[in-house]
Every structure is written in C-alpha cells, then in structure tokens.
Amino acid sequence: MLLSKTGYFADFVAYPVLIAAFGVAGVMHAGGDGIIAAIATFLGGLALWTLLEYLLHRFVLHHLPWIRDMHERHHREVLALVGTPTWLSVALFLALVFLPLFWLTGFAMASIATSGLMSGYLWYVSVHHLVHHRHPAHSGYLYKLKRNHAMHHANEACNFGVTSRFWDDVFRTSRPAR
Ligand SMILES: [Zn+2]
Ligand SMILES: [Zn+2]
C-alpha cells in the first residue's frame, strides 16, 4: 500500500533489530554444540528467501486481487512509497515462519531460521529501494540488478527476482536487460 515516509523506512530500522534479536536469542539457546547447525539454518533461511521472493513477486504481487492493484501502482509510479507495512510483514513472519517452526523444531532453530529469512527480506527491500532511487556505477551487482528490474517494469512476464536472477534462470522467466 502507499506508505508515509516513516512507514516506508520503518523496515530499515525494525528489521536489523529483529534479525539481531532472533539471531542472538537463537544462538544462545542452541549453545556451543549447536553453532554449526545454527549457521547452516541461518544460511538456509537466507537462501530460501530468494525463492520466496521470486514466488511472491510472480504469483502474489502480480495476481492476487488488491495486492495486484498496489503492485501495479508501483509499476506505474516507481518512486511512490508503495510497500508492505512493517507491522504486516512482521506479523506474517511470526505467524507463518516463527510459530510453525517453533512448534516443529523448537525455539533455537525457529529463531535462527526466522533471522535468516528476515535477513533475506531486508536484503530484498534494500535492493529494491536502491535500484529505483539510486544510480549505481555502470558495473557491479547493483547496476546489473537495476537493469534487470527495469526490464521487469517494462515486461511484467519476466525477471521476477530482485536480488538475483537465479530463480528466473531456473524457471525460464529470465530476460537479459537491454
Ligand atoms: Zn520495482
Ligand atoms: Zn512486478
């Protein structure tokens, strides 16, 4: 939805705090013996985010009524502060990630997986903000992603990944940027 400036930038304050809190709480709970499993779980959460980002963008943002209208507004007005309110994304993470994992695997792994997935989400909102609001140097990661995402704004059937092209390559929706 269209957010106020405070609402739009709240993600960049709330998520680093939540990522650190879940990460530290999870590691403390896992103890020294669980550190390898904790690192693997965190990285697994981060990797899983890239797939979720692709699926959510392709099938939710572009197809679900109301959400689709909001996303179309972003496609038309790229600089408008359209985004998901922090309270809503946090509530979804808690209800759909943390609580089910807590029930299935216990507090430590649920906290660390949530921290990893939230890190992926913060990475995604940061990259998406920067590709629209900054002009990165004509080489490097951010420039490539800016061109990749500009192609998605021009053709809504391709380039659903924002932080990487990996899943677009896997699902054959990748189109090279012009
Ligand atoms: Zn965009
Ligand atoms: Zn889109």
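Before reading on, note that the structure itself is shown above.
Residues numbered from 1 in each chain as written. Chains lettered and ligands numbered in written order. Predicted model: local features only at pLDDT ≥ 70, side-chain atom pairs only at ≥ 80, totals over all residues. Heavy atoms only, no water.

## Some details on the coordination of the zinc ion (ligand 1)
Move 1: Those protein atoms acting as donors to the zinc ion (ligand 1) are His-74 (NE2), His-128 (NE2), His-132 (NE2), His-149 (NE2) and His-153 (NE2), and they sit at 2.0 to 2.2 Å.
Move 2: For the zinc ion (ligand 1), the single-chain donor residues occur in sequence as H-x53-H-x3-H-x16-H-x3-H. With His-74 in helix H3 (residues 67-76) and His-132 in helix H5 (residues 107-133), this residue pair connects regions lying 58 residues apart in the sequence. Here the two residues His-74 and His-132 agree in accessibility, since each one is buried. (Donors = N, O, S within 2.8 Å, 3.2 Å for Na, K, Ca; no water. Helix = DSSP H or I, 4+ residues; strand = E, 2+ residues; numbered from the N terminus. Buried < 20%, exposed > 50% of the residue type's maximum accessible area, 1.4 Å probe, protein only.)

## Side note on the nonpolar core
Move 1: If you look at the biggest cluster of nonpolar residues, it comprises 19 residues, and the most contacted ones within it are Tyr-15, Trp-49, Phe-93, Met-118, Tyr-121 and Tyr-124.
Move 2: Mapped by element, the contributors of at least two residues to this core are helix H1 (5-30), helix H4 (86-105) and H5.
Move 3: Of the residues forming this core, the biggest block, nine residues, is contributed by H5.
Move 4: With residues near it in sequence (within four places) discarded, Tyr-124 still touches Trp-49, Glu-53, Leu-61, Val-162 and Thr-163. (Core = buried A, V, L, I, M, F, W, Y, C linked by side-chain atoms within 4.5 Å. Contact = heavy atoms within 4.5 Å.)

## A word on the coordination of the zinc ion (ligand 2)
Move 1: Note on the zinc ion (ligand 2): its protein donors are His-57 (NE2), His-62 (NE2), His-71 (NE2), His-75 (NE2) and His-152 (NE2). The metal-donor distances range over 2.0 to 2.2 Å.
Move 2: Sequence spacing of the donors to the zinc ion (ligand 2): H-x4-H-x8-H-x3-H-x76-H. Linking His-62 in the loop between helix H2 (35-61) and H3 with His-75 in helix H3, this pair joins segments that are 13 residues apart in sequence.
Move 3: Given the relative accessible area of 11%, His-62 is considered buried.

## Quick notes on H4
Move 1: Along H4, the sharpest kink reaches roughly 35°, centred on Leu-94.
Move 2: Along H4, the positions that sit buried rather than exposed are Thr-86, Ser-89, Val-90, Phe-93, Val-97 and Phe-98.
Move 3: Taken together, the buried residues of H4 touch H1, H2 and H5.
Move 4: Immediately downstream of H4, the backbone of Gly-106 shows phi near 100°, a positive value. (Bend = angle between axes of the 7 residues up to and from the residue.)

## Comments concerning the packing of H2 against H3
Move 1: At a minimum axis distance of 9 Å, the contact between H2 and H3 shows a crossing angle of 110°. Taken together, the axes of H2 and H3 are roughly perpendicular relative to one another. Seen from H2, the contacting residues are His-57, Val-60 and Leu-61; seen from H3, they are Ile-67, Arg-68, His-71 and His-75.
Move 2: When grouped by side-chain class, the residues that make up the contact of H2 with H3 number three nonpolar, three polar and one charged. (Axes fitted to C-alpha atoms, helices over the stretch in contact; angles between N-to-C directions. Parallel < 35°, antiparallel > 145°, perpendicular 65-115°, else oblique. Nonpolar A, V, L, I, M, F, W, Y, C, P; charged D, E, K, R; others polar.)

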